[in-house]
Amino acid sequence: MKQSKFSHAAVLLASAMVLLVLPSCRKAADKVAPKEQAAPSSEADQALMKQAGGIFQPVPAVAGRKDNPVTPEKVALGKMLYYEPRLSESSWISCNSCHNLALYGVDNLPTSLGNQWHHGPRNAPTVLNAAFQIAQFWDGRAADVEEQAKGPMLNPIEMASPHADFAVERIASIPEYHALFKKAFPGQDNPVTFNNITDAIGAFERTLMTESRFDKFLKGDASALTDQEKAGLKTFIDKGCVQCHTGPGVGGAMFQKFGVYKPYAEATGSKKIDYGRYQETKKEADKFYFKVPTLRNIAHTYPYFHDGSVWSLDKAVHVMADVQLNKTLSDQEAAEIGAFLKSLTGKIPADALELPELPPSTDETPKPVT
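Keep in mind it's a predicted model, so treat the numbers as computed, not measured.

Reading the values: rules and limits
Residues numbered from 1 in each chain as written. Predicted model: local features only at pLDDT ≥ 70, side-chain atom pairs only at ≥ 80, totals over all residues. Heavy atoms only, no water. Salt bridge = Lys/Arg side-chain N within 4 Å of Asp/Glu carboxyl O. Helix = DSSP H or I, 4+ residues; strand = E, 2+ residues; numbered from the N terminus. Buried < 20%, exposed > 50% of the residue type's maximum accessible area, 1.4 Å probe, protein only. Core = buried A, V, L, I, M, F, W, Y, C linked by side-chain atoms within 4.5 Å. Contact = heavy atoms within 4.5 Å. Phe/Tyr/Trp six-rings, centres within 6.5 Å; stacked < 30°, edge-to-face > 60°. Lys NZ or Arg CZ within 6 Å of the ring centre and 35° of its normal.

## What about the pattern of salt bridges?
Step number 1: What the rule picks out here adds up to 17 salt bridges.
Step number 2: Across the pair arginine 65 and glutamate 146 runs a salt bridge whose closest N-O atoms are separated by 2.8 Å. Here arginine 65 is found in the loop between helix H2 (43–53) and helix H3 (72–82), whereas its partner glutamate 146 is found in helix H5 (residues 145–154), with 81 residues between them in sequence.
Step number 3: The class for arginine 65 is partly exposed, based on a relative accessible area of 25%.
Step number 4: One salt-bridge network, held together by shared partners, links Arg65, Asp67, Asp144, Glu146 and Arg206.

## Quick word on the nonpolar core
Step number 1: Formed by 41 residues in total, the largest nonpolar core has its most connected members in Phe56, Phe214, Phe217, Leu233, Phe236 and Leu341.
Step number 2: Among the secondary structure elements, those contributing two or more residues to this core are H2, helix H9 (213–218), helix H10 (227–238), helix H11 (264–268), helix H13 (313–325) and helix H14 (331–342).
Step number 3: In terms of residue count, the dominant contributor to this core is H13 (7 residues).
Step number 4: With sequence-adjacent residues up to four places away left out, leucine 341 is seen in contact with Phe236, Leu295, Ile298, Leu313 and Val317.
Step number 5: Core analysis: the next-biggest nonpolar cluster, separate from the first, contains 34 residues, Val127, Ala149, Phe194 and Phe204 among them.

## Looking at the packing of aromatic side chains
Step number 1: Inspection of every chain in the model, using the stated rule, returns 16 aromatic pairs.
Step number 2: Through pairs of rings, three or more aromatic residues link up here, namely Phe258, Tyr264, Tyr275, Tyr278, Phe288 and Phe305.
Step number 3: Looking at arginine 141, its charged tip hangs above the ring of phenylalanine 137, at a distance of 3.8 Å from the centre.
Step number 4: The side chain of lysine 287 reaches across the aromatic face of tyrosine 278, ending 5.0 Å from its centre.

As C-alpha cells, this is what we get:
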C-alpha cells in the first residue's frame, strides 16, 4: 500500500516536471526555428539572380488589358464559356477539349482532334500564361487571347460553328446565361454578343498564370532552385537559348525562324514541311518563322514544336541546340538544362480546375448539326 502511494506521488511529480519543461522546450524550439529558413545566398547565387533578372521577369498575377477589364463576374462567365461545348456545332467540343487545364493547357497530342474527328494542322499551344505573349497561334495571326478565342469556334475543322450568330444564338437560347452576361457586361441592353463571348473567355484566360519555383528565385530566394537547376539556368544563358526565350514567359515575346542553321525536319523527323507565318503573310522573309513558344510548364506540354514531332524534352533540348544555335550539348549540359526547365512548372489556379456547372439547354436551344 505504501509503495502504491509512493508510485502515485512519483507520477504526479513527473507530470509536474513535464509541464514545467514544456514551455522551456517551446522557447528552445523558437530559437532553433530560424535555422530552418533559407540560408543567405552565396556570391555566385547573387550573380546568377542578377543576370537572370536582366533577362526574365516573374509571371504576373493577372495579364490585364485596359479595354477588357478583368472582373470577377466576367471571369466567372468566361470560365463557363471556356468549358461550354455548345459553342461548337456538335455541342461536343469546348475550348478545354484542346487546351485542357488539367493537362497544363494542352491535349498532349501532336495535333488536336476537332469536328468530325478532323486533325488540326498544328500542335495546340498551352493556354496557360498565354495572355501576355506578343501574339496568339504559332503564326501570330491573332493579336490577343480575345481574338484567338474567335478562331477555333469558327474553324470548320475545330469547333465548326458555321458563323458567329450560330454561337450567339446557342448561348442566347439558354435563359441562365442572360443574367450572367448582364452582370459581366453591365449597362448593355443586349450583352449576349459574339465579342462579349470572346471577351469573357479572354478575361478568364488572363487569370491563368502559373507561378513556379523559378519566380521565387527571380524574387531573391536562392534556395528555390537546386544546384543542378542553377547550373542548368547558367548553361541556358551561356549557350544562347536566351536569344529567343526571354521575358516573363521564358518565350512568347518574338517570332523566330525554326531552322536557323539547318532545316528543322532533319532534326525533328517532321513528315510535313510547315512554312509558318509565310502562310498568313505571303512574305518570303516570313518563311519558317513561328512564335517562340513559352517554356513555362514545358515538362508537361509535350509533344513539342509546331507539329508535335518530338515527345522527349531531352531530345527537344538537343534539337534546339543543333538547329537554332549550331551547338552540340553534352549529356550533362542537356540534363542540367532539362532540370532548369522542369523548375518552370507552376501551380495551376485551383479555381480554374474546378468544372463549372453549366446551365441546361431548353427546347428552344438549337440542336447539334449531325
